[in-house]
Amino acid sequence: MAAILSGTTTFSLNVDDLLEQALEPLGGEHTSAEEAKKARRVLNLLLIEMRNKNIPLNKIGTEVVTLLYNTAVYVLNTNIESVLEATICLSPPDPKNISDIKIQSKSVEEFFMIPNKLVQNRPNTYMVERLTDGPVVTIWPVPNNPTDGPYILKMKVARKIEDVTAAYQRVDLPTRYLPLLVAWLSYKLSMTRTSTDPNLRQMLQAEYMQILTDTVEADNEKTDYIVRPGGIGAR
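Owing to the predicted nature of the structure, the values given are computational and were not obtained by experimental measurement.

*Asks:* I tried to follow the overall build of the protein on my own but got confused; where do I start?
*Replies:* Assigned secondary structure in the protein consists of 5 helices and 11 strands. When the 235 residues of the protein are sorted by exposure, 36% land in the buried category. Taking the intrachain contacts of the protein between residues at least 6 apart in sequence as the baseline, contacts between residues at least 24 apart amount to 66%. In the structure as shown, the protein presents an accessible area of about 15000 Å², 53% of it carried by carbon and sulfur atoms.

Here it is in structure tokens:
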């Protein structure tokens, strides 16, 4: 008899299943609600660590801000991790006449070196500060008051993945990262259990490091250009 396929491609793991899978090498699931809460905290910290290692978990989106006359500083949504690039345009009555002009990104140090930060004109430069309450964008020159309408700042942004707050939720990341997340989380949880055999902890570390290497290589192979010592290769 021929095997019957499922007809679905939506496999994922909710937080409870993910923790159960990660805890299996360590002897099984937590025995109290407090331990389960700590495990979810470890999971949230691990997701932040993965983003800090440039694993592309963030979701790419857009953010649009109408600039105000003589106002250079704008607080962005707290779900934004970083601004990847930005353009500026006028907002005339006829949308067909809108022309986007790319503006330059400067670091905090480079922006600080601008001699006159109060000059007014059409902005051509922006700086992003990633603060506790969310990213803050400062633009320069300070917007003047164009007769055709206000300036519109359009940004391509990387948005944060959603926090884990309950066991029934699904982790907000592509399914291709689930094997890495399970292996890495298993290692992290082994560090919270003082009874874990050091040899087992070392084995779990080696396993997640191997999966991490394979995952990064797989992501690199999906790019159009690959930078290697000695040159740039293209597919």
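*Asks:* Hey, could you run me through helix 4 (residues 178-192) in this one?
*Replies:* Given 3.6 residues per helical turn, the α-helix brings residues three or four places apart onto the same face. Taking 1.5 Å of rise per residue, the 15 residues of helix 4 would be expected to cover 21 Å, and the 21 Å separating its terminal C-alpha atoms lies within 8% of that figure. Of all 15 residues in helix 4, 11 are buried; the element is thus mostly enclosed.

*Asks:* Could you clarify how one ought to interpret the pairing of strand 7 (residues 134-140) in this entry?
*Replies:* Consecutive residues of a regular strand have side chains that alternate between opposite faces of the sheet. Within strand 7, 6 of the 7 residues are buried, leaving the element largely enclosed by the surrounding structure. Judged from the 3 bridges that link them, strand 2 (residues 73-75) and strand 7 form a sheet pairing that is antiparallel. Looking at strand 7, one finds that V73 is bridged to T138. The pairing of strand 6 (residues 125-131) with strand 7 spans 7 bridges and is antiparallel. Residue pairing in the sheet places L131 in a bridge with G134 of strand 7. Hairpin remark: strand 6 followed by strand 7, antiparallel, with 2 residues in the connecting loop.

*Asks:* For this particular structure, what's the right way to read the sheet that holds strand 6?
*Replies:* Spatially, 1-9-3-4-6-7-2 is the arrangement adopted by the 7 strands of the open sheet, whose pairing is mixed. With one partner strand each, in any of the chains shown, strand 1 (59-66) and strand 2 form the two edges of the open sheet. Averaged over neighbouring strand pairs, the angle between their axes works out to 30° when direction is ignored.

*Asks:* Looking at this model, I keep getting lost on the confidence of the model for the protein. Mind explaining?
*Replies:* Low-confidence regions, as indicated by low pLDDT, have predicted coordinates that should not be scrutinised in detail. Residues with a pLDDT of 70 or more make up 88% of the protein, whose mean pLDDT is 87. Averaged pLDDT values for the elements of the protein fall to 41 in strand 11 (residues 231-234) and rise to 97 in strand 2. Segment residues 224-235 is flagged for pLDDT under 50; beyond a separation of four residues in sequence, or across chains, it makes 16 contacts in the model.

*Asks:* Mind showing me how you'd approach the pattern of salt bridges here?
*Replies:* Oppositely charged side chains are able to pair whenever their charged atoms sit close together. Applying the stated rule across the entire model yields 8 salt bridges. With its nearest N and O atoms 3.7 Å apart, the salt bridge here joins E85 to K102. In this pair, E85 is assigned in strand 3 (residues 80-90) and K102 in strand 4 (residues 101-105), connecting sequence segments 17 residues apart. What emerges from the salt-bridge pattern is a single network uniting R51, E81 and R130.

*Asks:* Any chance you could explain a negative patch on the surface here in plain terms?
*Replies:* Together, D16, D17, E20 and E24 line one region of the surface with negative charge. Considering the arrangement of structural elements, one finds E24 in the loop between helix 1 (15-23) and helix 2 (33-52).

Criteria and cut-off values
- Residues numbered from 1 in each chain as written.
- Predicted model: local features only at pLDDT ≥ 70, side-chain atom pairs only at ≥ 80, totals over all residues.
- Heavy atoms only, no water.
- Helix = DSSP H or I, 4+ residues; strand = E, 2+ residues; numbered from the N terminus.
- Buried < 20%, exposed > 50% of the residue type's maximum accessible area, 1.4 Å probe, protein only.
- Contact = heavy atoms within 4.5 Å.
- Areas by Shrake-Rupley, 256 points an atom, 1.4 Å probe, with all protein chains shown as cover.
- Expected span 1.5 Å × (residues − 1).
- Pairing = 2+ DSSP bridges.
- Axes fitted to C-alpha atoms, helices over the stretch in contact; angles between N-to-C directions.
- pLDDT = per-residue confidence, 0-100.
- Salt bridge = Lys/Arg side-chain N within 4 Å of Asp/Glu carboxyl O.
- Patch = residues over 30% accessible without salt bridge, like charges linked within 9 Å, V, L, I, M, F, W, Y side chains within 5 Å.
- Lys, Arg positive; Asp, Glu negative; His and termini not counted.
- Charge placed at Lys NZ, Arg CZ, Asp CG, Glu CD.

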